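Commentary on secondary and tertiary structure
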Amino acid sequence: MIELIKKAEITHELDKEEIVKLLEDDSINDELLAAADRIRKKYVGDEVHLRGLIEFSNICKRNCLYCGLRAGNKNIKRYRLEPEEIIELASKAVGYGYKTVVLQSGEDEYYTVDRMKYIISNIKKLGIAITISIGEKTFEEYKALKEAGADRYLIRIETTDKKLYEDMDPGMSHEERKRCLRDLKELGFEVGSGCLVGLPNQTIDSLADDILFFKEIGADMIGIGPFIPNEDTPLKDATGGDFTLSLKVMALTRLLLPDINIPATTAMESLNKNGRIIALESGANVVMPNVTEGEYRKLYALYPGKICTGDTPAHCRGCITGKITSIGRVVSTSKGFRNRKLEF
Ligand code: SAH
Ligand code: SF4
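Model, not experiment: these values are computed from the prediction. (Residues numbered from 1 in each chain as written. Chains lettered and ligands numbered in written order. Predicted model: local features only at pLDDT ≥ 70, side-chain atom pairs only at ≥ 80, totals over all residues. Heavy atoms only, no water.)

Some words on the state of the cysteines
The condition is simple: Counting rule for disulfides: a pair of cysteine sulfur atoms within 2.5 Å. Under the scheme applied here, a residue whose accessible area is under 20% of the maximum for its type counts as buried, over 50% as exposed, and between as partly exposed, the area being computed with a 1.4 Å probe on protein chains only.
The tally for this structure, following the rule as stated, stands at 0 disulfides. Lacking any disulfide linkage, Cys180 is separated from the closest cysteine sulfur, that of Cys64, by 12 Å. Assessed through its relative accessible area of 0%, Cys180 is described here as buried. No disulfide involves Cys308; its sulfur sits 4.6 Å from that of Cys316, the nearest cysteine. A relative accessible area of 26% means that Cys308 is categorised as partly exposed.

So this is what it looks like as structure tokens:
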């Protein structure tokens, strides 16, 4: 097993069987996470990039079984922010020192391409990078967002197991999800994807496929988080994802894609109160603190136990900086684009 970790550390290549072995064997966890931490340091250094997350609407037309924002959830108070409010939050984020904002929402048709272009072009004037995470759009729509100034796009594949994906996301097609990722790449976005760990009926085999898929599509960013069952969804009685397994999937992703950006996800911290710091010491180099204000933070309830819903953006900024410096890392002052070190 130790030989396999060494192989991953040196060649950044593992086959599916090897990944499965490492995921199944818990006796090598410390070595695996430490190797991912070394590769993180070697390829992307000690800087941690902060992205200010703006959750601008919890209205969604989709019905993903795991998600609290699903259209079928009648127990949630819905909100959407007006374009001017979103621009105002972005401008406050600049005040807190963020060099990137992530605009995330459910699939809410109120935000037409024209509205998004208006929001993006105005935020762009603030001199920061913009990441968009609003789900599936056509090539033409993505193109318009890119031309308006969006730099990055996040859209998780969730799982590479086609059947599981289509069971979990009724009415959605796995082919279409992959088409989105291809189009975004072709349009020159920095492309972020990722998966949920611990979905019902998800296998270790399919998690290994997920990691290989990230490499195959040339992802620039990969976010991995445990699935956390939500009371207001059909999966309320599911077991949910395991913190350590999520960490291991993330560590293996770092070993195989050494120079990409990997966030320490909020869902990790929801399962373990030190989750993001542990993730930063196991391969991650990005954190996405919330810059959404007031009650909207609570209402953007993808899953329960979401951290910091009572805190202000200013508090979050100070808190995360303290945590990062406490482990000997530094908050980056750059926009944090992927710095390619290797061509695969
Ligand atoms: N609507 C967009 C963006 C918002 S959802 C989209 O779906 O792409 C952002 C991410 O939240 C999803 O990709 C999913 O991986 C995650 N998520 C949703 N429900 C979750 C849950 N119950 N536990 C953990 N993560 C969840
Ligand atoms: Fe909507 Fe995204 Fe939640 Fe699916 S995961 S229901 S698309 S917000």
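Now that the structure is up, let's keep going.
Structural notes on the side chain of Glu55
Using the following cut-off: Strands are runs of DSSP state E lasting at least two residues, helices are runs of H or I lasting at least four, and both sets are numbered from the N terminus onward. Pairs of N or O atoms are called polar contacts if they sit within 3.5 Å, as long as, within protein, a hydrogen donor faces a hydrogen acceptor (for residues adjacent in sequence, only side-chain-to-side-chain pairs). Residue contacts are defined here by distance: any two heavy atoms, one from each residue, within 4.5 Å place the two residues in contact.
Checked against the element boundaries, Glu55 lands in strand S2 (residues 52–57). Here Asn290 takes part through its side chain, which lies 3.1 Å from a polar atom of the side chain of Glu55. Glu55 has contacts with Tyr79, Gln104, Asn290, Thr292, Arg297, Tyr300 and Lys306, leaving out every residue within four places of it along the chain.

Some words on unusual backbone geometry
Backbone geometry at Glu158 places phi at a positive 70°, although glycine is not the residue there. Within the secondary structure, Glu158 is located in the loop between strand S5 (152–154) and helix H7 (162–168). Phi at Asn201 is positive, roughly 70°, even though this residue is not glycine. One can find Asn201 in the loop between strand S6 (190–197) and helix H9 (204–216).

Thoughts on the sheet that holds strand S8 (residues 286–287)
This is how the line gets drawn: Only when DSSP finds a minimum of two bridges between them are two strands counted as paired.
Reading across the sheet, the 3 strands line up as S8-S1-S9 and stay open at both edges, with parallel pairing between neighbours. Each edge of the sheet is formed by a strand with only one pairing partner; in this case those strands are S8 and strand S9 (330–331). Taken together, the 2 bridges between strand S1 (residues 47–50) and S9 define a ladder with parallel strand orientation. The partner of Glu47 across the bridge, within S9, is Val330.

Description of the pattern of salt bridges
Note the following rule: Every case where a carboxyl oxygen of Asp or Glu lies within 4 Å of a side-chain nitrogen of Lys or Arg is listed as a salt bridge.
Counted according to the given criterion, the structure contains 32 salt bridges. In this structure, the salt-bridge partner of Asp37 is Arg40, at a minimum N-O distance of 2.9 Å. On the criterion of helical spacing, the pair formed by Asp37 and Arg40 is a turn pair, its members being 3 residues apart in helix H3 (residues 29–44). The partly exposed category is assigned to Asp37, whose relative accessible area is 21%. Since its relative accessible area comes to 3%, Arg40 is described here as buried.

A short note on the site of ligand 1
Put simply, the rule reads: When we say a residue is near a molecule or strand, we mean one of its heavy atoms is within 4 Å of it. Surface accessibility follows the Shrake-Rupley procedure with a 1.4 Å probe radius. Residue values consider only the protein chains on display as shielding. Side-chain classes are defined by residue name, with Ala, Val, Leu, Ile, Met, Phe, Trp, Tyr, Cys and Pro counting as nonpolar, Asp, Glu, Lys and Arg as charged, and the others, Gly among them, as polar.
The environment of ligand 1 is formed by 16 residues, the closest being Tyr66, Ser105, Arg156, Glu158 and Ile228. Within the contact set of ligand 1, a nitrogen atom lies 3.1 Å away from a backbone nitrogen or oxygen of Ser105. Between ligand 1 and Arg177, the relevant distance is 3.4 Å, taken from an oxygen atom to a side-chain nitrogen or oxygen of the residue. Summarising the interface, the protein chains cover 92% of the accessible area of ligand 1, which totals 540 Å² for the free molecule. Its residues assigned to classes, the shell around ligand 1 comprises 9 nonpolar, 4 polar and 3 charged.

Quick notes on helix H14 (residues 313–326)
Helical geometry note: an α-helix holds 3.6 residues per turn, so side chains three or four residues apart project in the same direction. Inclusion rule: Here the expected length of a helix is defined as 1.5 Å per residue gap, with one fewer gap than residues. Regarding the arc, it is the one traced by the directions from the helix axis to the C-beta atoms.
The first and last C-alpha atoms of H14 sit 20 Å apart over 14 residues, in line with the 20 Å expected at 1.5 Å per residue. Along H14, the residues classified as buried are Pro313, Cys316, Arg317, Ile320 and Ile324. The buried side chains of H14 occupy one side of the element, clustering within an arc of 100° when seen end-on. Each element contacted by the buried residues of H14 is listed here: S1, helix H12 (275–280), S8, helix H13 (296–299) and S9.

No statement about biological role is implied by the geometric values presented.
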